[in-house]
Amino acid sequence: MIVSVLLFAVGLVLLIKGGDWFVDGATGIARRFNLPDIVVGATVVSIGTTLPEVMVSATGAMLGQGSMAYGNAIGSIICNTALIAAISVAVNPGPVNTKSMKMPVVFFFGSAAIYCVAAYIMGRFTRPMGLIMLVIFVVYLVMTVRQGMKNPDAVEVEVEEVEEGEKPKTLLQDLFWLVLGAALIAVGADLLVEHGTVIARGLGVPETVIALTFVALGTSLPELVTTITSLKKGHASLGIGNVIGANVFNLVLVSGVAVTLAPFDVPVGNILFGHNASLVMDIPVMLSVMLLLTVPALTTKKLHRWQGIILLCIYAAFCICQFAM
């Protein structure tokens, strides 16, 4: 068990560092082709920060552990919204760019509707559903880039600038960091899934719970770092925009890849009120925290401190319930 805990932690570190290096390498290569920052940020950076979730969910699905893929997607959305975004809102509430928020919010709830049909009506995530999600991902990506090219101020993305005096990397260096980052993400995802499952079984905790909490928090660390960095620079709304975008990616890219590779039934972990806890609590919480974050922001054009405080309370209660059941 101790070895599994250590390797689980190593997997987390490899995921985080691998994602960071992958983004650095991909961004460097993209800039060599003179792509605008808005395009680089909306595609390369956004996909790069979601790669840990993609690899963990895909690996879990391929190993026949659909509960890991399922729990990681839902758990990451809850963590992104009720912990990461909540911290930003509680610390620094203020006006938001509703133009940048409307499109990802519409895509999120549209994709969530398809997700709910699969979970509540079909009881299974099928390959056609996965392919539909991937098509939605491509459409979302194209529309984000088009919106950014027409109106750069309407889409908020963060691309690190080269510091003054810092030598630009060569193409070979960018390729090296890209490949190394991708390799570390793959190894880290494998360690996380394998030893997360061992820990769950050793503690008698359902794999879905481990995925909803520890794995979800670990794979959401890139978004957490982005949000904290944005807060330090006084751009809280930038962090919120990235979180909402990451949530869309979790539904359409993370779930889409996992389900397309290996379809699976809705996993049953804990039982609540005689029903599958994921259907009674996990998915409703995912939808509720997104509604709580976005609806007041879109209607009042600003974020309120009370939203952040309530979201943090919901996240704490959610984690407690997961381990109390």
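Each value, and the rule that gives it
Residues numbered from 1 in each chain as written. Predicted model: local features only at pLDDT ≥ 70, side-chain atom pairs only at ≥ 80, totals over all residues. Heavy atoms only, no water. Helix = DSSP H or I, 4+ residues; strand = E, 2+ residues; numbered from the N terminus. Axes fitted to C-alpha atoms, helices over the stretch in contact; angles between N-to-C directions. Parallel < 35°, antiparallel > 145°, perpendicular 65-115°, else oblique. Left-handed = near helix turned anticlockwise from the far one by under 90°. Contact = heavy atoms within 4.5 Å. Nonpolar A, V, L, I, M, F, W, Y, C, P; charged D, E, K, R; others polar.

Draft legend 1. A look at the environment of A211. Among the structural elements, A211 can be located in helix α7 (residues 207-219). Once the C-alpha coordinates of A211 and A69 are considered, the two residues, 142 residues apart in sequence, prove to be 7.7 Å apart.

Draft legend 2. Representation of the packing of helix α6 (residues 171-203) against α7 in the model. Across the interface, α6 lies against α7 with an axial gap of 10 Å and an inter-helix angle of 135°. Put simply, α6 runs oblique to α7. Pair α6 / α7 crosses with right-handed handedness. Judged by residue contacts, L192, G196, T197, A200 and R201 of α6 engage E207, I210, V215 and T219 from α7.

Draft legend 3. Local environment of the packing of helix α3 (residues 66-91) against helix α10 (residues 277-300). Following both chains from N to C, one finds α3 and α10 inclined at 35°, their axes separated by 10 Å at the closest point. Where α3 crosses over α10, the two elements pack in a sense that is left-handed. Contact residues: α3 offers Y70, I74, I77, I78, T81, A82, A85 and V89, while α10 offers S278, L279, D282, I283, V285, M286, V289, M290 and L293. Taken together, the residues of the contact of α3 with α10 break down into 14 nonpolar, two polar and one charged.

Draft legend 4. Representation of the side chain of H195. Position of H195 relative to the elements: it lies in helix α6. Contact partners of H195, with chain neighbours within four places excluded, come to S4, L7 and F8.

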